[in-house]
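Here's the letter readout for the chains.
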2 protein chains.
Amino acid sequence: MGRMSVAERRDSLVAAAIRVAEREGVAATTTRAIAAEAGVSLATVHYCFARKQELLEGVLTAIVTQLSDAAQAELPPGGDPGVLLRDGLRRLWEVVEREPGRQQVTYELTQVALRTEGMAGFARWQYEVQSGLCRRHLEAVARAARIDWTLPMPVLARMLLAVVDGVVLGWLVDRDGATTRRSLDALAESIGGFSRPAGS
Amino acid sequence: MGRMSVAERRDSLVAAAIRVAEREGVAATTTRAIAAEAGVSLATVHYCFARKQELLEGVLTAIVTQLSDAAQAELPPGGDPGVLLRDGLRRLWEVVEREPGRQQVTYELTQVALRTEGMAGFARWQYEVQSGLCRRHLEAVARAARIDWTLPMPVLARMLLAVVDGVVLGWLVDRDGATTRRSLDALAESIGGFSRPAGS
DNA sequence: GTCTATAAGGAGATAGAC
DNA sequence: GTCTATCTCCTTATAGAC
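Residues numbered from 1 in each chain as written. Chains lettered and ligands numbered in written order. Predicted model: local features only at pLDDT ≥ 70, side-chain atom pairs only at ≥ 80, totals over all residues. Heavy atoms only, no water.

Caption draft 1: Region of interest: the domain arrangement of chain A. All names here are of chain A. By the assigned domains, chain A splits into domain 1 (1-50) and domain 2 (59-197). Of the residues lining the interface, seven residues belong to domain 1; the matching set on domain 2 comes to nine residues. Surface buried jointly by domain 1 and domain 2 totals about 660 Å² across both partners, of which 76% is contributed by carbon and sulfur atoms. The largest share of the area that domain 1 buries against domain 2 comes from I18, E22 and V26, three residues that together contribute 73% of it. Along the contact surface separating domain 1 from domain 2 lie one salt bridge. Its salt-bridge partner being R102, residue E22 comes within 2.5 Å of it at the nearest N-O pair. For the pair domain 1 and domain 2, the number of links is two residue pairs in polar contact (both at pLDDT 80 or more). For the side of domain 1 that touches domain 2, a count of residues per class yields five nonpolar, one polar and one charged. (Domains from an automatic or database assignment. Contact = heavy atoms within 4.5 Å. Buried area = accessible area lost by both parts, 1.4 Å probe. Salt bridge = Lys/Arg side-chain N within 4 Å of Asp/Glu carboxyl O. Polar contact = N/O pair within 3.5 Å; in protein donor to acceptor, adjacent residues only side chain to side chain. Nonpolar A, V, L, I, M, F, W, Y, C, P; charged D, E, K, R; others polar.)

Put into C-alpha cells, the structure is as follows:
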C-alpha cells in the first residue's frame, strides 16, 4: 500500500467503499471504515476527496457504470417477444441473486441521494441510465422478434424498470427465489404482450 | 404539552418521528429532532423508549398499520378484471402522489430494518402485511368480475406488490406523474390478463 | 413524568510533520 | 502522498433534581 497517484487512490477508495457498503450498509460506510478497508489513514481519504459526498458520488457512478457495461447483450433473430424478454430478465436475475449486497447498496444510495442537498441529480441520472438500458433492450427485442411495441417507448421502459426494481426489492426482504422467478417470468410475458407484428 | 401517560407520550413521539422522517429523512431522524418536534426534552424520549430502535419499530408498525387500514375497499359486481385492478391502483396512486414523503420513509425504513440487527423480522412482517393486502384485493377483483386467476395467488400478489413498489420508487426519483400513471394502467391491464371466466 | 446536565463515543474535517 | 494527532460537532444514553 505504498504511494500511488490521486486517481489510482481514488479508485481504490471507491472500491473499498463499495465493499464496506455491501457488507455493512451505506449508513455504516464512514470515512474511517473506508480508510481501514483500503488500508490507508483517515487523512488520506480527505486528501483524495474534499468532502465525503464526493466519494459517495464516485461510488454511485461506479456502480451504475459497472451495471451498464454488464447489461450489453445481442439477441439472435426470431422468437416471441415475451420469451425474449423473459430470457433477458432471467439472465439479469442470475446476476442479482449472486450479488444481493450490490443491489441493496444501489437502493440505499438512491435514497441517500434523494435526501442529500446537491445529490438529487445523481439519483435522476442513475434512473435515466437504467431507463436507457431498458429502452435499448426493448428495441433489441423488437428487432429480433420483428414486432412493433403498442405502447410508447418511455412508458414501456418505465414498466420494465419498475418491474425489475419492485421484484428485486421484494426479494431482498423475503429471499423467496422461487416465487420471485415465477413473478418475473409472468411480468415479462405480460410486457411482451404489448406488441404486434412489425409494420402491421 | 403537560404530563400524559406513557402510552399517550409514546404515540405522540411516534407521530413526531414520522413527521421528522417525512421532512428530513430517516437518517436525520435523531432522538433530539424527535424530542424537539414533539415539544419534550431529550430525556423524555428515552423514558418512553429504552432504545432508539424501539421507537423506530413503533414508527414502522404505525406506518404499515395506517396503510393497511386505508386500503380497504369493496368492489361492485361486474366489469373487467384489468379495469378493476386499474381503478384500484389509480385510487392507491392518488394517495401516494399526495404523500410522497410517506412512501419515501417506508422504503428508507425497510432498508434500515434489513441492515439493523434484530429488525429484519420487521421488514419481513411489513412485506407480509402488504402482500396480504394485495392478495385480498386480487380476491375481491376475482369475486366482482366472476373470474378465476390463472396463476397461483402468491405469485400474483407478489407481481402486484412488485409493480406498485417499482412504480412508486421510480416516481420518487423523477416525479414524472404522466408516464407513471400510464405505466401503472398498462401493468394493471397486464395482470388482469392472467384470468379466465370463473369455474371454466 | 419531565426536566437540566453530562457522560461517552463516533462522525467529518483539518494541521502540520515527514 | 501519507501519516499522527487533534478539533469540533453531533449522536445515543444516563444521572439525579423536581
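Caption draft 2: Spatial organisation of unusual backbone geometry. All names here are of chain B. Although it is not a glycine, R146 sits at a positive phi angle of roughly 55 degrees. In this structure, R146 sits in the loop between helix 7 (120-145) and strand 1 (147-149). On the accessibility criterion, R146 (56% relative accessible area) is exposed. (Helix = DSSP H or I, 4+ residues; strand = E, 2+ residues; numbered from the N terminus. Buried < 20%, exposed > 50% of the residue type's maximum accessible area, 1.4 Å probe, protein only.)

Caption draft 3: Molecular detail of the protein's contact with DNA strand C. Inspection of the region around DNA strand C gives 19 residues, with T31 and K52 of chain A together with R9, S41 and T44 of chain B positioned closest. Among the atoms of DNA strand C close to the protein, meaning within 4 Å, 60% are from sugar or phosphate groups. In the model, a phosphate oxygen of DNA strand C is placed 2.6 Å from a nitrogen or oxygen of the T31 of chain A side chain. The contact in question runs from a phosphate oxygen of DNA strand C to an N or O atom on the backbone of V6 of chain B, over 2.9 Å. The residue makeup of the surface near DNA strand C, split by class, is seven nonpolar, seven polar and five charged. (Near = heavy atom within 4 Å.)

Caption draft 4: A look at the interface of chain A and chain B. With 44 residues of chain A at the contact, the number on the chain B side is 44 residues. Overall, the association of chain A and chain B removes approximately 3,500 Å² of surface from exposure, summing both partners, and the carbon and sulfur fraction of that is 64%. Linking chain A with chain B are four salt bridges. Put simply, the parts of the chain that give the side of chain A that touches chain B at least two residues each are helix 1 (6-24), helix 6 (100-115), helix 7 (120-145), helix 8 (153-174) and helix 9 (177-192) of chain A. Considering each element in turn, the side of chain A that touches chain B owes the most residues, 15 residues, to helix 8 of chain A. Counted by class, the side of chain A that touches chain B contains 21 nonpolar, eleven polar and twelve charged residues.

Caption draft 5: The pattern of salt bridges, seen in detail. As enumerated under the stated definition, the model contains 22 salt bridges over all chains in all. One salt bridge connects D174 of chain B with R158 of chain A, and the closest N-O pair in it is separated by 2.2 Å. Placement of the pair is D174 of chain B in helix 8 (residues 153-174) and R158 of chain A in helix 8, with the two residues belonging to separate chains. Note that R86 of chain B and D87 of chain B form a salt bridge whose closest N and O atoms lie 3.3 Å from each other. A residue is classified by how much of its surface remains accessible, and R86 of chain B, at 26% relative accessible area, is partly exposed. By relative accessible area, D87 of chain B is classed as partly exposed at 29%. A single salt-bridge network, built from bridges that share partners, covers R19, R23, E24 and E37 of chain A.

Caption draft 6: Region of the structure containing the nonpolar core. Counting 129 residues, the largest nonpolar core has W149 of chain A together with W149 of chain B as its most contacted members. Look past the residues within four positions of W149 of chain A in its chain and what remains in contact with it is P81, L85, L138, V141, A142, L156, I191, G192, F194 and S195 of chain A. (Core = buried A, V, L, I, M, F, W, Y, C linked by side-chain atoms within 4.5 Å.)

Caption draft 7: View of the relation of the copies chain A and chain B. When chain A is fitted to chain B, the residual RMSD is 0.0 Å, and the transformation amounts to a turn of 180 degrees plus an axial shift of 0.0 Å. Here the two chains are linked by the operation of a two-fold rotation axis. Relative to the rotation axis, the C-alpha of G166 of chain A is the closest in chain A, positioned 2.0 Å from it. By residue overlap, the copies meet face to face through one surface: 100% of the interface positions of chain A are interface positions in chain B. (Least-squares fit on C-alpha atoms with pLDDT ≥ 70 in both.)

Caption draft 8: Focus on helix 8 of chain A. All names here are of chain A. With 22 residues, helix 8 should reach 32 Å at 1.5 Å per residue; the first-to-last C-alpha distance of 32 Å fits that figure. Counted residue by residue, helix 8 has 20 buried out of 22 residues, so it is predominantly covered. The positive-phi residue at the C-terminal boundary of helix 8 is R175, with phi of around 55 degrees. (Expected span 1.5 Å × (residues − 1).)

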